[in-house]
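# Notes for the structure review
In case you want the letters, here they are:
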Amino acid sequence: MKTAGLVLLATVTAAATQAAIINVPADETTIQAGIDAAGPGDTVLVAPGHYSERIDFRGKTITVAGEYLFSGDTAHIVNTVIDAGAAVTGTPNPGSAVSFAGGEGAGTLLVGFKITGGTGTLSGAGGTGGGGVYCNAGTAEVRNCIINGNTADYGGGVYCQNSAPLALTDCEITGNEAMMEGGGLGVYSDGRLSLRRCHLESNLAPAGLNNTSGFWGDWHPVLTMENCVIAFDQGLYCDQHDFGVCSLDSCVLYSVEIKDWSAGSWTITNSHLYSCSIPQMYADLFLTNDSLFDSYVGVLDRMGHGCVVRNCALIRSGIRNYHAAANVDSSFIGDGITDAGYQYSDVEIKNSIVYGDITTGGYCISPLIQNSVVVGTISMSGPWPPTVVENSTIVDGHVEIVSMVADDRLEIINSIVFTGGGPAVIIDGGEWADMTLQVGCSDNWGFSGDDWLGGDAVPVLDTSDLYFLDPLFCDPGNADYRLQESSVGAPANNNCGVLMGAKEVGCCCILRGDVDHDGTVLVLDIIYLVDWLFKPAPAPPCLEEADLNGNGEVNVLDLIYIVEYMWDYGPPPVPCP
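An account of the accompanying structure is given in this report. (Residues numbered from 1 in each chain as written. Predicted model: local features only at pLDDT ≥ 70, side-chain atom pairs only at ≥ 80, totals over all residues. Heavy atoms only, no water.)

## Quick word on the packing of aromatic side chains
Definition in use: In summary, the pairing rule links any two rings of Phe, Tyr or Trp, Trp by its six-membered ring, whose centres are within 6.5 Å, and it sorts them by plane angle into stacked for under 30 degrees, edge-to-face for over 60 and tilted for everything else. Only DSSP runs of H or I with at least four residues qualify as helices, and only runs of E with at least two residues qualify as strands; both kinds are numbered from the N terminus onward. Note on exposure labels: buried denotes an accessible area under 20% of the residue type's maximum, exposed denotes more than 50%, and partly exposed covers the range between, all computed with a 1.4 Å probe on protein chains only.
Counted according to the given criterion, the structure contains ten aromatic pairs. On the basis of an interplanar angle of 15° and a centroid distance of 6.1 Å, the ring pair of Y188 and W216 is categorised as stacked. A residue pair is termed long-range when its members are at least 10 positions apart, and Y188 in strand β20 (residues 185-188) and W216 in strand β23 (residues 215-218) qualify at 28 residues. A relative accessible area of 5% places W216 in the buried class. Judged by centre distance (5.6 Å) and plane angle (55°), the rings of F418 and F473 are tilted.

## Comments concerning the nonpolar core
Heads up, the rule is: Put simply, buried Ala, Val, Leu, Ile, Met, Phe, Trp, Tyr and Cys residues joined by side-chain atoms within 4.5 Å make one nonpolar core. Residue contacts are defined here by distance: any two heavy atoms, one from each residue, within 4.5 Å place the two residues in contact.
The biggest cluster of nonpolar side chains holds 100 residues, and the ones touching the most others in it are L110, L166 and L168. Among residues more than four places away in sequence, those in contact with L166 are F100, V133, C135, A140, V142, V158, C160, R192, L193 and S194.

## Section: the pattern of salt bridges
Our working rule: Take a side-chain nitrogen of Lys or Arg and a carboxyl oxygen of Asp or Glu: if they are within 4 Å of each other, that pair is a salt bridge.
Throughout the structure, instances matching the rule amount to nine salt bridges. For D480, the salt bridge identified is with R482, shortest N-O distance 3.0 Å. By relative accessible area, which is 7% here, R482 ends up buried.

## Brief notes about the pairing of strand β28 (residues 265-269)
Put simply, the rule is: In this description, strands pair whenever DSSP reports at least two bridges between them.
Within β28, four of the five residues are buried, which leaves the element mostly enclosed by the surrounding structure. Alignment of strand β26 (residues 245-249) against β28, held across five bridges, turns out to be parallel. Looking at β28, one finds that S247 is bridged to T267. In this structure, β28 lies alongside strand β31 (residues 284-288), joined through five bridges in parallel fashion.

## Quick notes on the pairing of strand β6 (residues 80-83)
Going residue by residue along β6, you find T80 and I82 tucked away on one face and V81 and D83 tucked away on the opposite face as well. Bridge analysis of strand β3 (residues 49-51) against β6 gives three bridges, and the strand direction is parallel. Paired with G49 across the bridge in β6 is T80. For β6 and strand β9 (residues 114-116), the ladder comprises three bridges, and the chain directions are parallel. Bridge pairing in β9 places V81 opposite K114.

## A closer look at the environment of D83
Take D83: it is sitting in strand β6. Overall, D83 belongs to the buried group, its relative accessible area being 15%. With 66 residues separating them in the primary sequence, D83 and G149 have C-alpha atoms 9.7 Å apart. The residues contacting D83, other than those within four sequence positions of it, are H50, Y51, S52, E53, T116 and G117.

## What about a nonpolar patch on the surface?
Here is the rule we go by: Within this analysis, patches are made of residues with over 30% relative accessible area and no salt bridge. Like charges are joined at 9 Å or less; nonpolar side chains (Val, Leu, Ile, Met, Phe, Trp, Tyr) at 5 Å or less. Calculation of accessible area relied on Shrake-Rupley with a 1.4 Å probe; when residues are assessed, cover is drawn exclusively from the protein chains displayed.
On the surface, a nonpolar cluster with roughly 650 Å² of combined accessible area is contributed by L522, V523, L524, I527, W567 and Y569. Relative to the helices and strands, V523 resides in helix α5 (residues 523-534). Under the relative-accessibility criterion, V523 is labelled partly exposed at 44%.

## Focus on helix α7 (residues 556-566)
Put simply, the rule is: Each direction from the helix axis to a C-beta atom contributes to the arc, which is the arc of those directions. Whenever a nitrogen or oxygen atom comes within 3.5 Å of another N or O atom, the pair is scored as a polar contact, on the condition that within protein one atom can donate a hydrogen and the other can accept it, and that pairs from neighbouring residues in sequence are kept only if both atoms are in side chains.
Residues of α7 that are buried: D558, L559, Y561 and I562. Taken down its axis, α7 places every buried residue within 160° of arc, on the same side. Its side-chain oxygen at 3.0 Å from the backbone nitrogen of L557, N555 defines the N-terminal cap of α7. Backbone geometry just downstream of α7 places D568 in the positive-phi region, at approximately 65°.

## So, the state of the cysteines
Short version of the rule: Note that a disulfide, as used here, is simply two cysteine sulfur atoms within 2.5 Å.
The final tally for this structure, using the stated rule, is five disulfides. A sulfur-sulfur distance of 2.0 Å marks the disulfide that ties C238 to C246. Of note, the bridge from C238 to C246 carries an S-S torsion of about 75° and is right-handed in sense. On the basis of relative accessibility, which here comes to 0%, the residue C238 falls in the buried class.

This is how it looks when you write it as structure tokens:
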């Protein structure tokens, strides 16, 4: 009996502590009344309707949700409206539509509403903040909401401050306005705002100083956006005063301007930018695995990392740095890199393709162009020695140095300079008579006359392995700067035994699996490969095309590979280089 009594007591206690669902308007007539009646962990479930009120979570860790929470029907979001504009008749400033300002804890949740008509709460920024959603030292998540038609001085749609971690998930922030800064979003004084799968569009900040229509942050703001869409003249501005940290991951941006005037950083990863600009930033900028179309990137006056570009494609786009370092690796740059590197900053271009000129300002520290193709001119003004061009291919351009420092030095190593007319190297030694040029294991071709070196005379070291021969690119008209087998740039054809330029030797591989080299992959290619492997028969015209698995050898494994591919149960051939 005693055991049975304990079980009964535990059951009653569990039932008493189970979270409740408070229905609005069935149980409480307003959303705020439902919040006031709720306890920790309770859910205030709101039926569709137009609720003329503003709500404050009052420090409670609860869920306030429209019927979308259970139905998943987006019509319930549109038809469940929190309208702060009509909250108090005749009151010109009704405040924020939704407030998290009482120290709410993790697990506080708002789901499934259209939030409109708010005009903000007095904030630390010196005016009102957060017309739609205001967060001050609270922790909350807003999911599946439409935040539209709100105004405030700062953060017309959403505002957070004082280390408040506010998360927005699957939300639309559109058509909001800030009288000062941050039409859509505002973060101030160590506030932390994260957005996931959100849509930011058509917000305004007409009086803002720095185009902050989309986002404004100041005094150590932290902004993270993941899988978001940001469109139509939305300005993103992160911290005028000190160390803002802002990042975009897997986002799509159209007609967006990104700025920062502080010593902070912007990180943009796995994202696509169309008709965007990133001008005159004082912050460090990190671009990784991004594509940019009809856009440009600029960093201003940075002595730190400057502009770091890794594995990106900039189509009809370029990098225009001012007084800042440029570090580019494994990227395609469509419109050159200009005015990069000034006043003791560095420039490194590695493993990349650059269409357009690379130019730098004065006193660039040891600029390096390595394993890269540059279709244009490399022009270094006042580099701090040495300037190194290594294993690179320069096409339709030359290397030019304007010396501004003593002991300046230019090294061109294992490279190809295909000028299309004019000297391959131009030196303006200025007053520094001790500048030197070292050219080792390189090929210069295309200059007019006999003078491959133009400008001021300088001591030239080690030209014994300098060649003046056509490099024999595979197909320069189609930007294929690989080398033919007979090119002087092939290791077998020069005294150094090195590969010159940035591209490999070998032109024939167009389509792996096309063993007979007729432009198609058919059963005839299987027959051709069988005959060559097992009979006295001619070798494939291009052995690379018969190497279906791309391992550098042609054998029976490639025969198995093509049979499985042709019969639809194997992978396609490895792509040609």
